[in-house]
Structure formats: structure tokens, C-alpha cells
Amino acid sequence: MKMGKEEYEKYVREFCSNAVDNAISYLKPMSLSLDVDWDYDEWEDNTLTSALGCYEAESVFSGTISIAFNIDNMLKSYNKCFNDYPWLNTGIESIRDAVYTTVYHEMGHGLCELIFDYLTTSDCLDEVFNSQQRLFRHILDNEEESVETFAWNMLDGNLEQDEINEMTELYIQYLKTA
């Protein structure tokens, strides 16, 4: 059964709170946090007109990865899926998956920006980069694909073979020795 905007928003906020808690637990070893800007005002930017969420550039440098949700776009996407594919799972689980993966996807962009900044502005990670060039280059050259894979792997609790997770673990190891 299709739901109205108020009910949909209730689920989005509830799932978002849970996903943010998971993200914060993941980020804690890096002394990072994550929050959601529900009043983000840049949705009119041409690159964001159909976006479900976005990472607020450079926010990771404050110690908190700030992301935003566009509930209207999420609801449009949900309704389109519901109308186009009524036989698919268009219930609460699909809302949960969309919210969780949006949080993790945008968090992934923050992690990529952090690592890219370290690699380009300091010598701190040179040794780590030199030993793992293929991994870092693949992630940074294919960021959108990498963060989407990370999001789904994070949702599924299957990070053992995830490249962003591997990059993050290398960064955490570096922090412990620095």
C-alpha cells in the first residue's frame, strides 16, 4: 500500500537515525562523526535536482561528515518505483534500504575526500599509498562506484572485501602509529 508524505517522512527519519548511529560507530576510530542537515538549501543546484542525498563538501575536515537528505526526491523515487513495479518489494524495507544506503554512500564521499586531501596536501600517508597504490587509485578514480559499493556492503554488514573499508582500515592503522 502506497503511503503519504507524513508517514513516509516518519520512516525516513527513523531509519536515518539508526543509520547515523551505525555510521558514527564506524567513524569513531577515526575521531569522526556524522550528522544530517535536514535544512540543506542547495537542492536547486543543477547537479542535485534529482539527488536523494548529498555530502556537504569539506565538512569532514571539521570532524563531522555532514550529509543532507532530499525527502521530496526520496518520496518521488519511492512513488515511481511503487507505480512502475508494484510487484516488487516497495514496502518499509525498500525505504530502509534507500535511507541506509544514502547515509553510507554520502559518508563514503566524506571518507574519500579526507584520504584524497591527505594524499595531496601532506606526506603523512605516502608510505601507505605507495604500498597500496592500486587500491587508492581505483577508489579515487572510481569514487561514485566505490561509495555505492561501500554503501551496500555496509548495509549488508559485509565489509571484509570492501575497498573503502580497506582504505579506512589503513588510515586507522596510520593514525595509531602517528
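This text follows the structure it describes.
The rules behind these values
Residues numbered from 1 in each chain as written. Predicted model: local features only at pLDDT ≥ 70, side-chain atom pairs only at ≥ 80, totals over all residues. Heavy atoms only, no water. Helix = DSSP H or I, 4+ residues; strand = E, 2+ residues; numbered from the N terminus. Buried < 20%, exposed > 50% of the residue type's maximum accessible area, 1.4 Å probe, protein only. Contact = heavy atoms within 4.5 Å. Areas by Shrake-Rupley, 256 points an atom, 1.4 Å probe, with all protein chains shown as cover. Pairing = 2+ DSSP bridges. Salt bridge = Lys/Arg side-chain N within 4 Å of Asp/Glu carboxyl O. Axes fitted to C-alpha atoms, helices over the stretch in contact; angles between N-to-C directions. Parallel < 35°, antiparallel > 145°, perpendicular 65-115°, else oblique. Left-handed = near helix turned anticlockwise from the far one by under 90°. Patch = residues over 30% accessible without salt bridge, like charges linked within 9 Å, V, L, I, M, F, W, Y side chains within 5 Å. Lys, Arg positive; Asp, Glu negative; His and termini not counted. Charge placed at Lys NZ, Arg CZ, Asp CG, Glu CD.

Novice: Teacher, can you tell me more about the overall build of the chain here?
Specialist: When its secondary structure is counted, the chain shows seven helices and three strands. Taken from the N to the C terminus, the helices and strands of the chain come in the order α-β-β-β-α-α-α-α-α-α. Over its C-alpha atoms, taken along the principal directions, the chain stretches across nearly 55 × 30 × 30 Å. Out of the 178 residues in the chain, the part that is buried amounts to 46%. For the chain, the share of sequence-separated contacts (at least 6 apart) that also reach a separation of at least 24 residues comes to 71%. With the model as given, the accessible surface of the chain reaches about 9800 Å², and the carbon-plus-sulfur share is 46%.

Novice: Looking at this structure, I do not really get the pairing of strand E3 (residues 64-69). What am I missing?
Specialist: For a regular strand, the rule is simple: side chains alternate between the two faces of the sheet. Of all the six residues making up E3, five are buried; the element is thus mostly covered by neighbouring parts of the structure. Here strand E1 (residues 33-37) runs beside E3; their pairing, made up of five bridges, is parallel. Looking at E3, one finds that Asp35 is bridged to Ser66. As paired strands, strand E2 (residues 53-55) and E3 are joined by three bridges and run antiparallel to one another. In the strand pairing of E3, Gly53 is matched with Phe69.

Novice: Could you clarify how one ought to interpret the pattern of salt bridges in this entry?
Specialist: Should the charged atoms of two oppositely charged side chains come close, the side chains can pair. Evaluated as defined, the whole model comprises three salt bridges. One salt bridge connects Glu9 with Arg13, and the closest N-O pair in it is separated by 3.1 Å. Placement of the pair is Glu9 and Arg13 together in helix H1 (residues 5-27), with a separation of four residues, close to one helical turn. Overall, Glu9 belongs to the partly exposed group, its relative accessible area being 24%. Of the residues examined, Arg13 reaches a relative accessible area of 37% and is grouped as partly exposed. A salt bridge links Arg96 to Asp97; its shortest N-O distance comes to 2.9 Å. Arg96 sits in the partly exposed class, given a relative accessible area of 30%.

Novice: What's the story with the packing of H1 against helix H3 (residues 92-121) in this structure? I'm lost.
Specialist: The packing of two helices is summarised by the inter-axis angle and the distance between the axes. Interaxial distance between H1 and H3 falls to 9 Å at its minimum, and their mutual angle equals 40 degrees. Relative to H3, the element H1 is oriented oblique. For the crossing formed where H1 meets H3, the hand is right-handed. Residues Tyr8, Tyr11, Val12, Phe15, Cys16, Asn18, Ala19, Val20, Asn22, Ala23, Tyr26 and Leu27 of H1 form the contact with H3, whose own contacting residues are Ile92, Ile95, Arg96, Val99, Tyr100, Val103, Tyr104, Met107 and Leu111.

Novice: Help me understand a negative patch on the surface in this model?
Specialist: A contiguous patch of negative charge on the surface is contributed by Asp39, Asp41, Glu42 and Asp45. With respect to the helices, strands and loops of the structure, Asp39 is situated in the loop between E1 and E2. For Asp39, a relative accessible area of 69% gives the class exposed.

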